[in-house]
Protein chains: 2
Amino acid sequence: MQARLLAHLRDDGPLSRVQLADRMNVSRTTIAAEVNRLGELGLAHEVGPAASRGGRRSTMVDLAPGIRFVGISIGATGMSVGVTDGRLAVLATRTRECDIRQGPEAVLATALELARETLEECGVERPMGAGVGVPGPVDFHRGVSVSPPIMPGWDGYPVRDAVSRGLGCPVVLDNDVNVLAIGEQHAGVARAARDFLYVKIGTGIGCGIVVDGELYRGVDGCAGDIGHIRVQDFGPTCACGNTGCLEAFSGGAALARDATEAARAGRSPVLAELLAEKGELTAADIGIAVSRGDAQAVQLIRDSGHRVGQVLASLVSFFNPGLIVIGGRVTGLGHALLAEIRGVTYRRSLPLATGNLPIVLSELGDEGGVIGAARLISSSVYAPLGSGAS
Amino acid sequence: MQARLLAHLRDDGPLSRVQLADRMNVSRTTIAAEVNRLGELGLAHEVGPAASRGGRRSTMVDLAPGIRFVGISIGATGMSVGVTDGRLAVLATRTRECDIRQGPEAVLATALELARETLEECGVERPMGAGVGVPGPVDFHRGVSVSPPIMPGWDGYPVRDAVSRGLGCPVVLDNDVNVLAIGEQHAGVARAARDFLYVKIGTGIGCGIVVDGELYRGVDGCAGDIGHIRVQDFGPTCACGNTGCLEAFSGGAALARDATEAARAGRSPVLAELLAEKGELTAADIGIAVSRGDAQAVQLIRDSGHRVGQVLASLVSFFNPGLIVIGGRVTGLGHALLAEIRGVTYRRSLPLATGNLPIVLSELGDEGGVIGAARLISSSVYAPLGSGAS
């Protein structure tokens, strides 16, 4: 009751008592009593009469105005931290470059510093809770990172407890891709989707899976780890130690490697120029080279999108999703990448599964992770104590 | 309430009123009233006092003894039909060879004939409902087959309504692989699994997906269509018209084709002998050749298992299931096939996802489809009228 009522207010509030009674299929008296109880807990309150519908006016209910959540989204090379209200509107954010390989102490210290700055900016003494996303597998129930291929030093580290101590509030920890998927569902292109995939192409590649509106994490919490699907028997060595992984062909790190190689081998004058200028190349430089008409850079994007499309085609046959959202920094490479991914995915799947399947770019950017992380902790905070919901 | 109570009795019954009250978290008075009501509907009844636990004795409740369901499991080359009681114990079955390509009228006429024979054997005038599985995509809500690659003439055919008319009872239609998966969950090796995959390797190849104890069908009802995942850019033409599909390499029809080729090319004296003897070869003949020590037959099984393993490894990375069950006629080829599938799947997935992942053969055989189909219709019949549950 409590969790559902607060979730309705979070996702569609404010709502009148009549609307809440209709949606939850209980009496208005029950709603009135529950709203009073939630008022005492500092979670919801009445905000005045609803617009008249002819008869007696109903009363509008909203989440308590003082609810604040922190969302922390940590990627391999940067993080976003934000503060939201109870309906997950972002009040302030901060982003900072960081290297996940510095280990948990250094990275979490930066995250906590950004969180404290952002909370101060919003005049918040203590948030109701914080959600954290990290770029690797997570034991969701224990709140720790587990054997993350690109995160030396993070294995078994109690991320949840460390952040909880630092901010003095309850914390939920999840994989960064799950956090992005749930953010997209709350505020992005996936709002109407019940079954969809969120594919992040950043330094690495991962996938968030939403089944019937809920995150699917798999039995060990590592569902969606598509970056290590083998797309070829041989190929460049991946961060995980194997060869032939999708990530080692199409991730941001792989693109930077291939761009550097093309520059050094003299196959791309534009990339060579950028390399001489900057000392090193990133995936974003390929986008610059494309905009300057460099054929080799276009080819790099096509090859990358082709491999991603091959894997997505398999996943479409298996999972028959209603929507695929592509996110992550590499999407800065834009529509050339998307066109290649779409082409291969549509061509290689059965018509029945792709007839109504949109494949679109995420439009949320960095805020997606903040909103998703805040949403995860909100579900936990809104559930009654001891209910075990998350 | 009704649907949950009857499902408890179906899956774990008979149960005492006290046990039912505990499991459903309602009062014993509520249970007693509901059992009375279900008694009047002919769905449940009291069967005498429970064993004493010291205090006042509780009363045992069971499903009504007269409940009968029909389960019809139609594959590409054969069908199984059975009658079960309310707890889905199989009372009688019949199996018959059939060719799905004969079209829906002929195939369903055979199914209805078998069903009537089996009902008569059990002394049943009219079953409470029937479940039907067919070897292709299904529009679950409309109860029709849709664009089935190996089933000419079935596209759009109202299978559910035809069977419903023939047997005079409500009918649920689903894909054969979904039916097999749900049978395995009810009575097979997947009883304790919440998230698992059932991979059928028969004439074609398909996969049933169970998420949190429920079948996942995908937005268009074609989830699990892994037979048409492309494992190679080129290769033999598949029944679906494309090239490189898993099914065209590793399905039963593909194995029969490769065995015939090996026999004709003189690469396998044992297969050549079997071909001369029988006029044509099936996948089962490869098993015979293996048992006679034929190296080429072993190689055919290895190649087939290798491709299946490649696809499963991708699905394990994506879905992180708790169990994979391999079923279908080709499993008659036994442990050589299973060993190859296991080897490739374990080798190519991340350790986190395969550390606790059993890959096992189905032990139910033909009965799995009968039980699964009966279970599907039982969930529909046990739900109150108009509740829309299925």
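This is a predicted model, so every value here is computed, not measured.

Chemist: Whenever I open this one, the overall build of chain A confuses me. Can you help?
Modeler: From N to C terminus, chain A includes 14 helices and 15 strands. In terms of C-alpha radius of gyration, chain A reaches 23 Å, essentially the compact-globule figure of 21 Å for 390 residues. Projected onto its principal axes, the C-alpha coordinates of chain A cover approximately 75 × 50 × 40 Å. In chain A, the proportion of contacts linking residues at least 24 apart, taken out of those at least 6 apart, comes to 60%. Summed over all atoms, the accessible surface of chain A reaches about 15700 Å², with 48% contributed by carbon and sulfur. Computed over 36 positive and 41 negative side-chain charges, the inter-centroid distance for chain A is 5 Å.

Chemist: Can you walk me through the side chain of Ser250 of chain B in this structure?
Modeler: Residue and element names in this part refer to chain B. Along the chain, Ser250 turns up in helix α7 (residues 246-250). Ser250 sits in the buried class, given a relative accessible area of 0%. At 3.0 Å, the side chain of Ser250 and the backbone oxygen of Ser304 are in polar contact. For Ser250, the residues in contact, after removing those within four places along its chain, are Ile201, Ile205, Leu255, Ser304, Arg307 and Val308.

Chemist: Can you walk me through the relation of the copies chain B and chain A in this structure?
Modeler: Both copies of the chain are related through a single rotation about an axis accompanied by a shift along the same axis. Note on the copies: chain B fits chain A at an RMSD of 0.0 Å, the axial shift is 0.0 Å, and the rotation between them is 180°. What we have between these two chains is a two-fold relation. Relative to the rotation axis, the C-alpha of Leu315 of chain B is the closest in chain B, positioned 3.9 Å from it. Interface overlap between copies is the fraction of interface residues in one copy that are interface residues in the other; for chain B against chain A it reaches 100%, indicating a shared surface.

Chemist: Quick question: what am I supposed to make of the nonpolar core here?
Modeler: General note: in soluble globular proteins, nonpolar side chains tend to be found buried as a group. Ranked by internal contacts, the top residues of the largest apolar core, which has 94 residues, are Phe318 and Ile326 of chain A together with Phe318 and Ile326 of chain B. Beyond its immediate stretch of four places on either side in the chain, Phe318 of chain B contacts Leu197, Cys207, Ile209, Ala223, Gly224, Ile226, Leu315, Phe318 and Phe319 of chain A.

Chemist: Mind showing me how you'd approach helix α14 (residues 366-382) of chain A here?
Modeler: Helical geometry note: an α-helix holds 3.6 residues per turn, so side chains three or four residues apart project in the same direction. Relative to the 24 Å expected for 17 residues at 1.5 Å per residue, α14 of chain A spans 25 Å between its end C-alpha atoms, a close match to the ideal helical length. The element α14 of chain A is extensively covered by neighbouring structure, given that 13 of its 17 residues are classed as buried.

Chemist: Just to check I follow, could you spell out the packing of helix α1 (residues 2-12) of chain A against α14 of chain A for this structure?
Modeler: In helix packing, the relevant descriptors are the interaxial angle and the interaxial distance, both defined with respect to the helix axes. Residue and element names in this part refer to chain A. It is the contact of α1 with α14, at a shortest axis distance of 9 Å, that shows an interaxial angle of 145°. Note on element contacts: α14 touches α1 through Arg375, Ser378, Ser379 and Tyr382, opposite Gln2, Ala3, Leu6, Arg10 and Asp11. Partitioning the contact of α1 with α14 into residue classes produces three nonpolar, three polar and three charged.

Chemist: I keep staring at the sheet that holds strand β6 (residues 90-97) of chain B and nothing clicks. Help me out?
Modeler: Strand-to-strand pairing in sheets goes through backbone hydrogen bonds, with the strands running parallel or antiparallel. Residues and elements named next belong to chain B. Across the sheet, which stays open at both edges, the five strands sit in the order β6-β5-β4-β7-β10 with mixed pairing between neighbours. At either margin of the open sheet sits one strand with a lone partner, and together these are β6 and β10 (171-175). The sheet shows a mean angle of 15° between the axes of neighbouring strands, direction not considered. The pairing of strand β5 (residues 78-84) with β6 spans seven bridges and is antiparallel. In the sheet register, Val83 faces β6, and the bridge partner there is Ala92. Against the sheet, helix α6 (residues 176-187) contacts β4 (69-74), β7 (129-134) and β10, and its axis sits at roughly 100° relative to β10.

Chemist: Please explain the interface of chain B and chain A as it appears in this structure.
Modeler: Many structure descriptions define interface size as the accessible area lost when the parts assemble. Facing the 39 residues of chain B at the interface are 39 residues of chain A. When chain B packs against chain A, the two sides together hide about 3300 Å² of surface, and 61% of this comes from carbon and sulfur. Elements represented by at least two residues in the side of chain B that touches chain A include exactly β12 (205-211), α11 (295-319), α12 (335-348) and α13 (351-354) of chain B.

Chemist: What is the right way to read the environment of Pro321 of chain A from this model?
Modeler: Tracing the backbone through its elements, the reader meets Pro321 of chain A in the loop between α11 (295-319) and β14 (323-327). You can call Pro321 of chain A buried: its relative accessible area is 1%. Between the C-alpha atom of Pro321 of chain A and that of Phe196 of chain A, which follows or precedes it by 125 residues, the distance is 5.0 Å. Once residues lying within four places of it in the same chain are set aside, the contact partners of Pro321 of chain A are Asp195, Phe196, Leu197, Leu315, Val316 and Leu357 of chain A together with Val219 of chain B.

Chemist: How should I be thinking about the packing of α6 of chain B against helix α14 (residues 366-382) of chain B in this particular structure?
Modeler: Residues and elements named next belong to chain B. Following both chains from N to C, one finds α6 and α14 inclined at 90°, their axes separated by 7 Å at the closest point. Judged by the angle between their axes, α6 and α14 are roughly perpendicular. Contacts between α6 and α14 involve Val179, Leu180, Ile182, Gly183, Gln185, His186 and Ala187 from the first element and Gly368, Gly369, Ile371, Gly372, Ala373, Arg375 and Leu376 from the second. Broken down by class, the residue content of the contact of α6 with α14 amounts to seven nonpolar, six polar and one charged.

Chemist: What is the right way to look at the domain arrangement of chain A in this model?
Modeler: All names here are of chain A. One can read the domain layout of chain A as domain 1 (2-63), domain 2 (68-183 + 367-382) and domain 3 (193-363). Spacing between the C-alpha centres of domain 2 and domain 3 amounts to 25 Å. Contacts between the two partners involve 17 residues from domain 2, matched on the other side by 18 residues from domain 3. With both chains or domains summed, domain 2 and domain 3 bury close to 1400 Å², and 60% of this area falls on carbon and sulfur atoms.

Chemist: What is the right way to read the pairing of β4 of chain B from this model?
Modeler: Every other side chain in a regular strand lies on the same face of the sheet, so the side chains alternate between the two faces. Residues and elements named next belong to chain B. The element β4 is extensively covered by neighbouring structure, given that six of its six residues are classed as buried. Where burial is concerned, the two faces of β4 agree: the one with Phe69, Gly71 and Ser73 and the one with Val70, Ile72 and Ile74 are both buried. Across six bridges, the pairing between β4 and β5 is antiparallel. Opposite Ile72, over in β5, you have Val81 as the bridge partner. Between the antiparallel neighbours β4 and β5 lie three residues. As defined by bridge partners, β4 adjoins β7 across five bridges and the pair is classed as parallel.

Chemist: Would you mind going over the packing of aromatic side chains with me for this structure?
Modeler: Where two aromatic rings form a pair, the distance of their centres and the angle of their planes describe that pair. Taken as a whole, this structure holds seven aromatic pairs over all chains when the rule is applied. Geometrically, the ring pair formed by Tyr216 of chain A and Phe319 of chain B is stacked, given 4.7 Å between the ring centres and 15° between the ring planes. Taken together, the positions of Tyr216 of chain A in the loop between β13 (214-215) and α7 (246-250) and Phe319 of chain B in helix α11 put the pair across two chains. An angle of 65° between the planes, with centres 5.7 Å apart, marks the rings of Phe69 of chain B and Tyr382 of chain B as edge-to-face. Within this pair, whereas Phe69 of chain B is found in strand β4, its partner Tyr382 of chain B is found in helix α14, the two being separated by 313 residues in sequence. Overall, the relative accessible area of 1% leaves Tyr382 of chain B in the buried class. If you follow Arg307 of chain A out to its NZ or CZ, it ends over the ring of Phe249 of chain A, 4.3 Å from the centre.

Chemist: What should I look at first to understand unusual backbone geometry in this one?
Modeler: Outside of glycine, negative phi angles account for most residues, and trans bonds account for most peptide bonds. Residues and elements named next belong to chain A. Residue Pro14 is bonded to the preceding Gly13 through a cis peptide linkage, with omega at -5°. Among the secondary structure elements, Pro14 is positioned in the loop between α1 and β1 (15-16). If you check the backbone angles, Asn25 has positive phi at about 60° while not being a glycine. As for its placement among the helices and strands, Asn25 is situated in the loop between α2 (17-24) and α3 (28-40). One non-glycine residue, Leu88, lies in the positive phi region at around 70°. Here Leu88 lies in the loop between β5 (78-85) and β6 (90-97). Relative accessible area serves as the criterion here: at 3%, Leu88 is assigned to the buried category.

Calculation notes
- Residues numbered from 1 in each chain as written.
- Chains lettered and ligands numbered in written order.
- Predicted model: local features only at pLDDT ≥ 70, side-chain atom pairs only at ≥ 80, totals over all residues.
- Heavy atoms only, no water.
- Helix = DSSP H or I, 4+ residues; strand = E, 2+ residues; numbered from the N terminus.
- Rg over C-alpha atoms; globule rule 2.2 N^0.38 Å.
- Contact = heavy atoms within 4.5 Å.
- Areas by Shrake-Rupley, 256 points an atom, 1.4 Å probe, with all protein chains shown as cover.
- Lys, Arg positive; Asp, Glu negative; His and termini not counted.
- Charge placed at Lys NZ, Arg CZ, Asp CG, Glu CD.
- Buried < 20%, exposed > 50% of the residue type's maximum accessible area, 1.4 Å probe, protein only.
- Polar contact = N/O pair within 3.5 Å; in protein donor to acceptor, adjacent residues only side chain to side chain.
- Least-squares fit on C-alpha atoms with pLDDT ≥ 70 in both.
- Core = buried A, V, L, I, M, F, W, Y, C linked by side-chain atoms within 4.5 Å.
- Expected span 1.5 Å × (residues − 1).
- Axes fitted to C-alpha atoms, helices over the stretch in contact; angles between N-to-C directions.
- Nonpolar A, V, L, I, M, F, W, Y, C, P; charged D, E, K, R; others polar.
- Pairing = 2+ DSSP bridges.
- Buried area = accessible area lost by both parts, 1.4 Å probe.
- Parallel < 35°, antiparallel > 145°, perpendicular 65-115°, else oblique.
- Domains from an automatic or database assignment.
- Phe/Tyr/Trp six-rings, centres within 6.5 Å; stacked < 30°, edge-to-face > 60°.
- Lys NZ or Arg CZ within 6 Å of the ring centre and 35° of its normal.

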